[in-house]
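Overview (structure and organization)
Chain residues, written in single-letter form:
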Amino acid sequence: MATPHLTLRQLQIFRGVADLGSTAAAAADLALSQSAASAAVIELERLLEVRLFDRVGKRLQLNENGRAVLPQALALLDGAGALERWARDRDSQIGMLRLGASTTIGNYLLPGILADFQRTLGLPAQGALQVQVVIANTAAITSQVAAFQLDLGLIEGPCHEPELTVQPWLEDELLVVAAPHDPWCRGRSQ
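Here's a quick rundown of the structure.

The rules behind the values
Residues numbered from 1 in each chain as written. Predicted model: local features only at pLDDT ≥ 70, side-chain atom pairs only at ≥ 80, totals over all residues. Heavy atoms only, no water. Helix = DSSP H or I, 4+ residues; strand = E, 2+ residues; numbered from the N terminus. Contact = heavy atoms within 4.5 Å. Core = buried A, V, L, I, M, F, W, Y, C linked by side-chain atoms within 4.5 Å. Buried < 20%, exposed > 50% of the residue type's maximum accessible area, 1.4 Å probe, protein only. Expected span 1.5 Å × (residues − 1). Bend = angle between axes of the 7 residues up to and from the residue. Polar contact = N/O pair within 3.5 Å; in protein donor to acceptor, adjacent residues only side chain to side chain. 1 Å grid on protein atoms, 1.4 Å probe; cavity = no way out; pocket = protein on both sides within 12 Å on 5 of 7 lines; lining within 4 Å. Points joined across faces, edges and corners; volume = space filled by probe spheres on them. Nonpolar A, V, L, I, M, F, W, Y, C, P; charged D, E, K, R; others polar. Salt bridge = Lys/Arg side-chain N within 4 Å of Asp/Glu carboxyl O. Axes fitted to C-alpha atoms, helices over the stretch in contact; angles between N-to-C directions. Parallel < 35°, antiparallel > 145°, perpendicular 65-115°, else oblique.

**Description of the side chain of Thr142**
With respect to the helices, strands and loops of the structure, Thr142 is situated in helix H6 (residues 138-146). Discounting residues that sit within four places of it in the chain, Thr142 has contacts with Ile155, Cys159, Glu161 and Leu164.

**Topic: the nonpolar core**
Core analysis: the largest hydrophobic core is formed by 18 residues, its most contacted members being Ile13, Phe14, Val17, Leu52 and Phe53. Excluding residues that lie within four positions of it along the chain, Ile13 makes contacts with Ala26, Leu30, Leu32, Ala37, Ala40 and Val41. Leu97, Leu99, Leu110 and Leu114 belong to the second-largest nonpolar core, a separate cluster that totals seven residues.

**Topic: helix H4 (residues 64-88)**
Along its 25 residues, H4 runs 37 Å from first to last C-alpha, staying within 8% of the 36 Å computed at 1.5 Å per residue. The largest bend in H4 amounts to roughly 30° and is located at Leu70, with the proline Pro71 lying one to four residues further along. Inspection of H4 places Gly66, Val69, Leu70, Ala73, Leu77, Ala80 and Gly81 among the buried residues, and these make up the whole buried set. Buried residues along H4 sit in contact with helix H1 (8-20), helix H3 (34-48) and strand E2 (59-62). Sitting at the amino-terminal end of H4 is Asn63, which places a side-chain oxygen 3.0 Å from the backbone nitrogen of Asn65.

**Some remarks on the layout of surface pockets**
If you add up the space inside the largest pocket, you get close to 630 Å³. Lining the largest pocket we find 23 residues, and of these Ile105, Leu154, Ile155, Glu156 and Trp169 sit closest to its centre. Mapped onto the lining of the largest pocket, the elements with two or more residues apiece are helix H5 (103-121), H6 and strand E5 (152-154). Considered class by class, the residues forming the lining of the largest pocket number 13 nonpolar, six polar and four charged.

**Structural notes on unusual backbone geometry**
Among all residues except glycine, the phi angle is most often negative; among peptide bonds, the trans geometry is most common. Its identity as a non-glycine residue notwithstanding, Ala31 has a phi of 60°, on the positive side. Checked against the element boundaries, Ala31 lands in the loop between helix H2 (23-30) and H3. On the basis of relative accessibility, which here comes to 71%, the residue Ala31 falls in the exposed class. Phi is positive for Glu49, close to 60°, though the residue is something other than glycine. Topologically, Glu49 is positioned in the loop between H3 and strand E1 (53-56).

**Some remarks on the pattern of salt bridges**
For the structure on display, the rule yields five salt bridges. Glu45 is the salt-bridge partner of Arg51, the closest N and O atoms lying 3.2 Å from each other. For Arg51, a relative accessible area of 48% gives the class partly exposed. A relative accessible area of 5% places Glu45 in the buried class. Between Asp151 and Arg98 there is a salt bridge whose closest N-O contact spans 2.9 Å. One end of the pair, Asp151, is in the loop between H6 and E5; the other, Arg98, is in strand E3 (residues 95-102), and 53 residues separate them in sequence. The exposure class of Arg98 is partly exposed, given its relative accessible area of 26%. Residues joined by salt bridges that share partners form a network here, namely Glu45, Arg51 and Arg55.

**Overview of the packing of H1 against H3**
Running from N to C, H1 and H3 cross one another at 110°; their axes reach a closest spacing of 9 Å. Our classification of the angle between H1 and H3 gives roughly perpendicular. Together, Gln10, Leu11, Ile13, Phe14 and Val17 of H1 and Ala37, Ala40, Val41, Glu43, Leu44 and Leu47 of H3 make up the contact between the two elements. Across the contact of H1 with H3, the residue classes tally to nine nonpolar, one polar and one charged.

The following block contains the structure:
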C-alpha cells in the first residue's frame, strides 16, 4: 500500500466540514470555492480509503470513521499551528551555533567574543542562543569545519583545507618576556 500524502489544507477543510456540516459553509469560512472544499474532502477520503461523512440531503455528518479521524486531524492541525507560532516568535527560538577555536583563542578570547556577540544581537542572557564550543588545535578545528561538524572556526595557525574560506580577523604580536639578566636580553634596550 502506498503512503498517503495528506495535506494540512485537506485536514483544515475536513475540520471545517465536520464543524459546519457542509462543504459550502466550510468553503466560505476558509475563503475557498465550494468545489475546492468538496474536492479536498473527496481526495482525503480517497487517500484514507474510507468514507468520513454520511451525506444526509445537503448536509455532511461525520460517520464512525470521521469521528475516529477527527481527533487525530485536530492534533496534527494543533501541532502545525504551534510550529507556526513558534516560528513567528523570535523570543522562543533557540539557535545553535557550533563553534570551534584553537587553544589560545578558545581559552582567552572566545568568552569575550561570545558575550559581545550575544549583546550585539540583543539576545537575553539565557536560552536564545546555544553555543557548542570545541577547543582543539588548528588542524582539528579546520577539519571539523570542512566536515560540517562545526559552523565556524577561529584559528591561530595556517589552514590546510583548500575548500574552506579563510578570513584574517586579528593580528597578533608575539613578545618574549624574560628576566633582565637572561641571555635573551643581552644587547637589547630594556
